[in-house]
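Residue-level structure breakdown
One letter stands for each residue in the lines below.
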Amino acid sequence: MTSKENMGVRMLFYLGGLIIMTLGVAFSVKSDLGVSPISSIPYTITCVTGMDLGAATIVFSIFMVILQIIILRKQFKMINLLQLPIGILFGLFLSFCCGLMVYLPEPSGMIMKFVLMLISTFIVALGVFVYVAAGFVPLAPEGAMLAICKMTKFKFPNVKLCSDITMVVVSGITCLVVIKELGSVGIGTIIAAVLVGNEVKLMTKFFGKRIDKLLGVNFDADCEKKDDNLHAIKKTNQ
């Protein structure tokens, strides 16, 4: 495979992964059991303001890029500004996928809600697996976590855990204060927090090397040299 062909396949994987992820988020919203931690703040914005979830996600992405600039200061790389158009694209994908959910019947009971939530965790995990494999620019929230890792020397899994907990707590308190209910936070949030990462690890274990070979990416070698991009996330999932 030529370099140009390789880049084209990687881009398809990257965009495909983003679309798959947004579909998974849309399923979690449909389940009405709470969204994953990383989507909790955008969904909280939606619950509080009535803003479209895709638009709220774009606003959140912009905030996360600004946070990276504050954290990294002179170490902030201009290439990370690509997270802005990627965040906008992700938000547009999310609006589209949430729009598709109107064609699904409302879950009639708790069992169906759990089924939708479990489906959403698998779809989100698949999207993460595919988009991370491409090795392009991370989404802004993950970029912010990587920025914290870079400046504090803490490991990515620890930073992600603290970040997830913080976002869930902020979302829960905000919803309770403003709309008098948990809103974006529920049992589904806990399920997603536990399952998505483990599902990504299983996918990486069984299919990671095949995907890397297909895309012509050697993450093991790159991880030893870089810690400020998707390679760090990829290494975490192995």
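Okay, so let's go over this structure. Throughout this description, residue numbers start from 1 for each chain and increase along the sequence as written. The predicted nature of this model means local features are confined to residues of pLDDT at least 70 and side-chain atom pairs, given and counted, to a pLDDT of 80 or more, with totals for whole chains, interfaces and linings taken over all residues. The side-chain quantities take in all heavy atoms of the structure and omit both hydrogens and water.

1. A word on the overall build of the protein
- A run of H or I in DSSP becomes a helix once it reaches four residues, and a run of E becomes a strand once it reaches two; helices and strands are each numbered from the N terminus. In terms of helices and strands, the protein carries 10 helices and 0 strands.
- When the elements of the protein are put in sequence order from the N terminus, they spell out α-α-α-α-α-α-α-α-α-α.
- A simple rule labels every residue: compare its accessible area, found with a 1.4 Å probe on the protein chains alone, to the largest value its type can have, and call it buried under 20%, exposed over 50%, or partly exposed in between. In the protein, which comprises 238 residues, the proportion classed as buried is 48%.
- Of the roughly 12300 Å² of accessible surface on the protein, 71% is carried by carbon and sulfur atoms. Surface accessibility follows the Shrake-Rupley procedure with a 1.4 Å probe radius. Residue values consider only the protein chains on display as shielding.

2. Section: the pattern of salt bridges
- A pair is scored as a salt bridge if a Lys or Arg side-chain nitrogen falls within 4 Å of a carboxyl oxygen belonging to Asp or Glu. Taken as a whole, this structure holds 3 salt bridges when the rule is applied.
- The salt bridge involving Glu-106 is made with Lys-30; its shortest N-O contact spans 2.8 Å. Here Lys-30 lies in helix α1 (residues 3-31) and Glu-106 lies in the loop between α4 (83-100) and α5 (110-134), a separation of 76 residues in the sequence.
- Salt-bridge contacts for Asp-164 lead to Lys-160; the nearest nitrogen and oxygen are separated by 3.5 Å. Taken as a pair, Asp-164 and Lys-160 lie in helix α7 (residues 156-178) at a separation of 4 residues, close to a single helical turn.

3. Looking at the side chain of Ser-31
- You can see Ser-31 is positioned in helix α1.
- For the purposes of these results, a polar contact is taken to be a pair of N or O atoms within 3.5 Å, where, inside protein, one atom must be able to donate a hydrogen and its partner to accept one; residues adjacent in sequence count only when each atom of the pair is a side-chain atom. Here Ser-28 takes part through its backbone oxygen, which lies 2.6 Å from a polar atom of the side chain of Ser-31.
- Sequence-distant contacts of Ser-31, that is, excluding residues within four places in its chain, are made with Lys-113, Leu-116 and Met-117. By the convention used here, residues are in contact when the closest approach between their heavy atoms is within 4.5 Å.

4. Thoughts on the nonpolar core
- Tyr-14, Leu-18, Met-21, Val-128, Tyr-131, Leu-139 and Val-196 are the most contacted members of the largest nonpolar core, which totals 29 residues.
- Mapped onto this core, the elements with two or more residues apiece are α1, α4, α5 and α8 (187-215).
- Among residues more than four places away in sequence, those in contact with Met-21 are Phe-90, Val-124, Gly-127, Val-128, Tyr-131 and Leu-139.
- Membership of the second largest hydrophobic core comes to 16 residues, among which are Phe-60, Val-65, Ala-147 and Phe-156. Put simply, a nonpolar core is a bunch of buried Ala, Val, Leu, Ile, Met, Phe, Trp, Tyr and Cys residues held in one set by side-chain atoms that sit within 4.5 Å of each other.

5. Considerations on the packing of aromatic side chains
- Here the aromatic set is Phe, Tyr and Trp, taking the six-membered ring for Trp, and pairing holds for ring centres within 6.5 Å; pairs whose planes are under 30 degrees apart are stacked, those over 60 apart are edge-to-face, and all others are tilted. For the coordinates displayed, the defined rule picks out 2 aromatic pairs.
- Relative to Phe-136, the ring of Tyr-14 has its centre 5.5 Å away and its plane inclined at 90 degrees; by these criteria the two rings are edge-to-face. You can see Tyr-14 sitting in helix α1 and its partner Phe-136 sitting in the loop between α5 and α6 (140-152), a full 122 residues away along the chain. Each member of the pair, Tyr-14 together with Phe-136, is buried.

6. Considerations on the packing of α6 against α7
- The axes are straight lines fitted to the C-alpha atoms, using for helices just the contacting stretch, and the angles between their N-to-C directions are given from 0 to 180°. Between α6 and α7, the shortest axis-to-axis distance is 9 Å and the interhelical angle comes to 125 degrees. With respect to α7, the element α6 is oriented oblique. In the packing of α6 onto α7, the handedness of the crossing is right-handed. Between α6, through Glu-142, Met-145, Leu-146, Ile-148 and Cys-149, and α7, the contact on the second element is made entirely by Phe-156, Val-159, Lys-160, Ser-163, Asp-164 and Met-167.
- Three classes are used, and their members are as follows: Ala, Val, Leu, Ile, Met, Phe, Trp, Tyr, Cys and Pro are nonpolar, Asp, Glu, Lys and Arg are charged, and the others, Gly among them, are polar. The class makeup of the residues in the contact of α6 with α7 is 7 nonpolar, 1 polar and 3 charged. Here the word oblique covers every angle except those under 35 degrees (roughly parallel), over 145 (roughly antiparallel) and from 65 to 115 (roughly perpendicular). Whether a crossing is left-handed or right-handed is set by the direction in which the near helix is turned from the far one by less than a right angle, anticlockwise for left-handed and clockwise for right-handed.

7. Considerations on helix α3 (residues 53-72)
- Here α3 contains 20 residues, and its C-alpha end-to-end distance of 28 Å stays within 8% of the 28 Å for a straight helix at 1.5 Å per residue.
- Restricting attention to buried positions, one finds in α3 the residues Leu-53, Gly-54, Ala-56, Thr-57, Ile-58, Phe-60, Ser-61, Met-64, Val-65, Gln-68, Ile-71 and Leu-72.
- Two residues or fewer past α3, Arg-73 is found with a positive phi of approximately 50 degrees. Expected helix span is computed as 1.5 Å times (number of residues minus one).

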